[in-house]
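Examining the three-dimensional arrangement
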Amino acid sequence: PTVDAQTAELMKTVEDRTQCPEPPIMKELRAQAKARGIMNLFLPEVCQLSVLEYSPIAEILGMNQVANLAMNCSAPDTGNMEVLERYGSREQKKTWLEPLLNGEIRSAYAM
């Protein structure tokens, strides 16, 4: 299939372009990662790993973009979740951090 055909197929999975359409397999992979307790490993407050313990895992994840996405350990979400965890208000955490940690939404970084 052409890129246009693939894009059209992905767009059928969301109501709006702003919802970041992605291949359906990603939901399955996230569900498996969540069931195994291997999501959000970068955030010590969530997974209880130190940065030193997480660093070899990050190196391995960096070799496979799908693994990063499936385990919810990809930029810019990781940095934004760290900021929200450390400095966010209760309301910001409820509105943005929880859905990010669950892989329900994606974030962005802009200057």
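Whatever comes next refers back to the structure up there.
Along each chain, residues carry numbers from 1 onward, in the same order as the chain's sequence is written. A pLDDT threshold of at least 70 governs which residues receive local features in this predicted model, and a stricter bar of 80 or more applies before side-chain atom pairs are shown or counted, although totals over entire chains, interfaces and linings include all residues. Side-chain figures throughout are based on the complete set of non-hydrogen atoms in the structure, without hydrogens or water.

**Some points on the packing of helix 6 (residues 77–87) against helix 7 (residues 90–101)**
Here an axis means a line fitted to C-alpha atoms, over the contact stretch when the element is a helix, while the angle between two N-to-C directions is reported on a 0 to 180 degree scale. By definition, any uninterrupted DSSP run of H or I lasting at least four residues is a helix, any uninterrupted run of E lasting at least two residues is a strand, and each is numbered from the N terminus. Closest axis-to-axis distance for the helix 6/helix 7 pair is 10 Å, and the angle between their directions is 145°. Between helix 6 and helix 7 lies a crossing of left-handed hand. Listed contacts from helix 7 to Asp-77, Met-81, Leu-84, Glu-85 and Tyr-87 of helix 6 are Gln-92, Lys-93, Trp-96, Leu-97, Leu-100 and Leu-101. The class makeup of the residues in the contact of helix 6 with helix 7 is 7 nonpolar, 1 polar and 3 charged. Two helices crossing with the near one rotated counterclockwise from the far one by less than a right angle form a left-handed crossing, whereas a clockwise rotation gives a right-handed crossing. By the convention used here, residues are in contact when the closest approach between their heavy atoms is within 4.5 Å. Residues are sorted three ways: Asp, Glu, Lys and Arg are charged, Ala, Val, Leu, Ile, Met, Phe, Trp, Tyr, Cys and Pro are nonpolar, and all the rest, Gly among them, are polar.

**A closer look at the nonpolar core**
If you look at the biggest cluster of nonpolar residues, it comprises 15 residues, and the most contacted ones within it are Leu-41, Phe-42, Tyr-54, Met-71, Cys-73 and Met-81. Taken together, the elements giving at least two residues each to this core come down to helix 4 (51–61), helix 6 and helix 7. Residue contributions to this core peak at 3 residues, all from helix 7. Among the buried residues, those of types Ala, Val, Leu, Ile, Met, Phe, Trp, Tyr and Cys that are joined through side-chain atoms within 4.5 Å form a nonpolar core. The rule is simple: take the accessible area with a 1.4 Å probe, protein chains only, and divide by the maximum for that residue type; under 20% is buried, over 50% is exposed, in between is partly exposed.

**Thoughts on the side chain of Thr-78**
With respect to the element layout, Thr-78 can be found in helix 6. Setting aside anything within four residues of it in sequence, one finds Thr-78 in contact with Phe-42, Asn-72 and Cys-73.

**Quick word on the side chain of Arg-30**
Within the element layout of this structure, Arg-30 appears in helix 2 (residues 25–36). Since its relative accessible area comes to 9%, Arg-30 is described here as buried. With sequence-adjacent residues up to four places away left out, Arg-30 is seen in contact with Glu-22, Met-39, Leu-69, Ala-70 and Gly-103.

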